[in-house]
Amino acid sequence: MAGDGDILVRRGVVIPAAELEETASRSSGPGGQHVNKSNTRVTLRWRLRETDALDPVARRRVEQRLGARVTRAGELIVHAQTHRSRERNRALARERLAELVRDALRTRAPRIATRAGAGVRARGHEAKRRRSAQKRARRPVRRDEDA
């Protein structure tokens, strides 16, 4: 059950608010004087290697799939600075974190090898026969002296 400030990733996976470190800093981009004096950019840090929200198998899967985004210290960092409001950036950062973890936890269905159908094989053989005949027609004519 997700408490106040916890992030619901999917059923059975909740990132506790106590495991998140949130900081605000100056944002870049348009906004005039407002952007020069307001800390609206939100950075969320989640200590992935120390979390109790994931079992060891899920933690390993998330760390492998998000390897480039995980720091050497084992933290997953998400930034949000799209909006001019800190609250909207905070909500966006939390949603991005949930989406990243949700995608990393998703298991892909294994690919099942299939054979080409009889029609496909027949068309391939026919095309090969036509190409062979075409190339044979390009060869110089051989005359047998014995005949």
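Structure's up top.
Residues numbered from 1 in each chain as written. Predicted model: local features only at pLDDT ≥ 70, side-chain atom pairs only at ≥ 80, totals over all residues. Heavy atoms only, no water.

Enquirer: Before we go on, may I ask you to explain the overall build of the protein chain in this structure?
Expert: From N to C terminus, the protein chain includes 4 helices and 5 strands. Put simply, the protein chain runs from its N terminus to its C terminus through helices and strands in the order β-β-β-α-β-α-β-α-α. Computed over C-alpha atoms, the radius of gyration of the protein chain comes to 30 Å, more than 25% over the 15 Å expected from 2.2 N^0.38 for 147 residues, which places it beyond the range of a compact globule. Overall size of the protein chain, expressed as C-alpha extent along the three principal axes, is 100 × 45 × 30 Å. Looking at the 147 residues of the protein chain, the share that counts as buried comes to 27%. Just so you have it, the protein chain exposes about 11000 Å², and 48% of that area is on carbon and sulfur atoms. (Helix = DSSP H or I, 4+ residues; strand = E, 2+ residues; numbered from the N terminus. Rg over C-alpha atoms; globule rule 2.2 N^0.38 Å. Buried < 20%, exposed > 50% of the residue type's maximum accessible area, 1.4 Å probe, protein only. Areas by Shrake-Rupley, 256 points an atom, 1.4 Å probe, with all protein chains shown as cover.)

Enquirer: Teacher, can you tell me more about the nonpolar core here?
Expert: Note on soluble globular proteins: their nonpolar side chains tend to be buried together. In terms of nonpolar packing, the biggest core is built from 25 residues, with Ile-15, Trp-46, Leu-54, Val-62, Leu-97, Val-101 and Leu-105 touching the most fellow members. Every element with two or more residues in this core is listed here: strand E1 (7-10), strand E2 (13-15), strand E4 (41-47), helix H2 (56-65), strand E5 (75-80) and helix H3 (86-105). No other element matches H3, which puts 7 residues into this core. For Ile-15, the contacting residues outside a window of four places in its chain are Asp-6, Ile-7, Val-9, Leu-20, Trp-46, Ala-53, Leu-97 and Val-101. (Core = buried A, V, L, I, M, F, W, Y, C linked by side-chain atoms within 4.5 Å. Contact = heavy atoms within 4.5 Å.)

Enquirer: Help me understand the sheet that holds E5 in this model?
Expert: Remark on secondary structure: sheet strands pair via backbone hydrogen bonds, oriented parallel or antiparallel. A sheet is described by the order of its strands in space; here 3 strands give the open sequence E3-E4-E5, paired in antiparallel fashion. For this open sheet the edge positions go to strand E3 (20-25) and E5, each flanked by a neighbour on one side alone. In this sheet, adjacent strand axes meet at a mean angle of 20° when their direction is disregarded. Where E3 and E4 come together, 6 bridges link them in antiparallel fashion. (Pairing = 2+ DSSP bridges. Axes fitted to C-alpha atoms, helices over the stretch in contact; angles between N-to-C directions.)

Enquirer: Is there a simple way to explain H3 in this structure?
Expert: Residues separated by three or four positions in an α-helix point in the same direction, a consequence of the helix having 3.6 residues per turn. Across its 20 residues, H3 extends 29 Å between first and last C-alpha, which sits within 8% of the 28 Å expected from 1.5 Å per residue. Considering only its buried residues, H3 is in contact with E1, E2, E3, E4, H2 and E5. Sitting at the head of H3, Ser-85 places a side-chain oxygen 3.2 Å from the backbone nitrogen of Glu-87. (Expected span 1.5 Å × (residues − 1). Polar contact = N/O pair within 3.5 Å; in protein donor to acceptor, adjacent residues only side chain to side chain.)

Enquirer: Help me understand the environment of Ala-98, please; the structure alone is not making it clear to me.
Expert: Following the sequence through the fold, Ala-98 ends up in helix H3. We classify Ala-98 as buried; its relative accessible area is 1%. Once the C-alpha coordinates of Ala-98 and Asn-39 are considered, the two residues, 59 residues apart in sequence, prove to be 23 Å apart. With sequence-adjacent residues up to four places away left out, Ala-98 is seen in contact with Ile-7, Leu-8 and Val-9.

Any link to function would need more than the numbers given here.
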